[in-house]
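Below are the chains, spelled out letter by letter.
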Amino acid sequence: MAGRSHWLVKSEPDAFSWDQQVANGIEPWTGVRNHMAKANLKAMKKGDRAFFYHSNIGKEIVGVVEVVREAYPDPTVAPDDPKGEWVCVDMKALMPFKTPVTLAAIKADPELADVALVRMSRLSVMPITPEHWTKLCKMGGIKA
DNA sequence: GCCAACGTTGGC
DNA sequence: GCCAACGTTGGC
């Protein structure tokens, strides 16, 4: 499909890991409390794909997920949250990377120097350009 | 365990 | 509205 966007989402495996995503199948991606990340979540369309990145432990891209439900109110937001409304999307595990792509490998590649993961390390949901998507899929040993 | 980056908070 | 202090995240 034309115009499909690509993303990268981060999770600490202690909190929510790729294995859990695979085991659960479809899983709401909740807990985002950052405005830039929220804007990215809202921009996701059904059918968009995202890399699943393990932060802190592993520090590597471990698989690909697909957006199966577009942004809706995050049920984990406290009713009295002064920040008001946050959103989440539903993700489905699509396929694992044959070879996880580590942060070190991404940093070591000049072509990937401007991937948001490197430049804005604290952002938990970020867009990935088509070029970077293709390259990272190749590095992960899967077809884009 | 430390430190850098960055968002948020609170005093003014 | 500015800016310093503080808390959180995430890499090392």
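If you're wondering where the values come from, they're calculated on a predicted model, not measured in any experiment.

About the cut-offs
- Residues numbered from 1 in each chain as written.
- Chains lettered and ligands numbered in written order.
- Predicted model: local features only at pLDDT ≥ 70, side-chain atom pairs only at ≥ 80, totals over all residues.
- Pairing = 2+ DSSP bridges.
- Helix = DSSP H or I, 4+ residues; strand = E, 2+ residues; numbered from the N terminus.
- Axes fitted to C-alpha atoms, helices over the stretch in contact; angles between N-to-C directions.
- Buried ≥ 20, exposed ≤ 12 C-beta atoms within 10 Å, placed from the backbone.
- Arc of directions from axis to C-beta.
- Contact = placed C-beta atoms within 7 Å.
- Core = buried A, V, L, I, M, F, W, Y, C linked by C-beta atoms within 7 Å.

### A short note on the sheet that holds strand E1 (residues 6-11)
And then number 1: Within the open sheet, the six strands sit side by side as E2-E5-E4-E3-E1-E6. Their pairing is mixed. Of all the strands in the sheet, the pair left with one neighbour each is strand E2 (26-29) and strand E6 (125-128). Taken over all neighbouring pairs, the strand axes of this sheet differ in orientation by 40° on average, direction set aside.
And then number 2: Bridge count between E1 and E6: four bridges; the pairing is antiparallel. Paired with His6 across the bridge in E6 is Ile128.

### A few points about helix H5 (residues 130-140)
And then number 1: All of the buried residues along H5 are His132, Trp133, Leu136, Cys137 and Gly140. Down the axis of H5, the sector holding all buried residues measures 130°, keeping them to one side. Residues Pro130, Glu131 and Lys138 are exposed on H5 and point more than 90 degrees away from its buried face.
And then number 2: Summarising the contacts, the buried residues of H5 are in contact with E1, strand E3 (49-54), strand E4 (60-73), strand E5 (87-102) and E6.

### Some words on unusual backbone geometry
And then number 1: Of note in this structure, Asn56 is not a glycine but carries a positive phi near 70°.
And then number 2: Along the polypeptide, Asn56 turns up in the loop between E3 and E4.
And then number 3: Positive phi, normally seen in glycine, also occurs at Lys59, with a value near 50°.
And then number 4: Inspection of the secondary structure puts Lys59 in the loop between E3 and E4.

### Considerations on the environment of Thr102
And then number 1: Within the secondary structure, Thr102 sits in strand E5.
And then number 2: A count of 15 C-beta atoms within 10 Å places Thr102 in the partly exposed class.
And then number 3: Taking C-alpha positions, Thr102 is 7.5 Å from Gly58, a pair spaced 44 residues apart along the chain.
And then number 4: Contact partners of Thr102, with chain neighbours within four places excluded, come to Lys59 and Glu60.

### Some remarks on the nonpolar core
And then number 1: Core analysis: the largest hydrophobic core is formed by 35 residues, its most contacted members being Leu8, Phe51 and Phe52.
And then number 2: Contributing elements (two or more residues each) for this core: E1, helix H2 (35-43), E3, E4, E5, E6 and H5.

### Some thoughts on the environment of Pro73
And then number 1: Looking at where Pro73 falls in the secondary structure, it is placed in strand E4.
And then number 2: Every residue in contact with Pro73, bar those within four places of it in the chain, is listed here: Glu85 and Val87.

### Description of the pairing of E4
And then number 1: Strand direction decides the pairing type here: E3 and E4, joined by six bridges, are antiparallel. Of the residues in E4, the one forming a bridge with Phe52 is Gly63.
And then number 2: Summarising the sheet, E4 and E5 pair through 10 bridges and their orientation is antiparallel. Bridge pairing links Arg69 to Asp90 in E5.

### Description of H2
And then number 1: By the burial criterion, the buried members of H2 are Ala37, Lys38, Asn40 and Leu41. Down the axis of H2, the smallest arc covering the buried residues is 160°, so these residues share one side. In H2, those exposed residues whose orientation departs by more than 90 degrees from the buried face are His35, Ala39 and Lys42.
And then number 2: Residues of H2 that are buried in the fold lie against E1, E4, E5 and E6.

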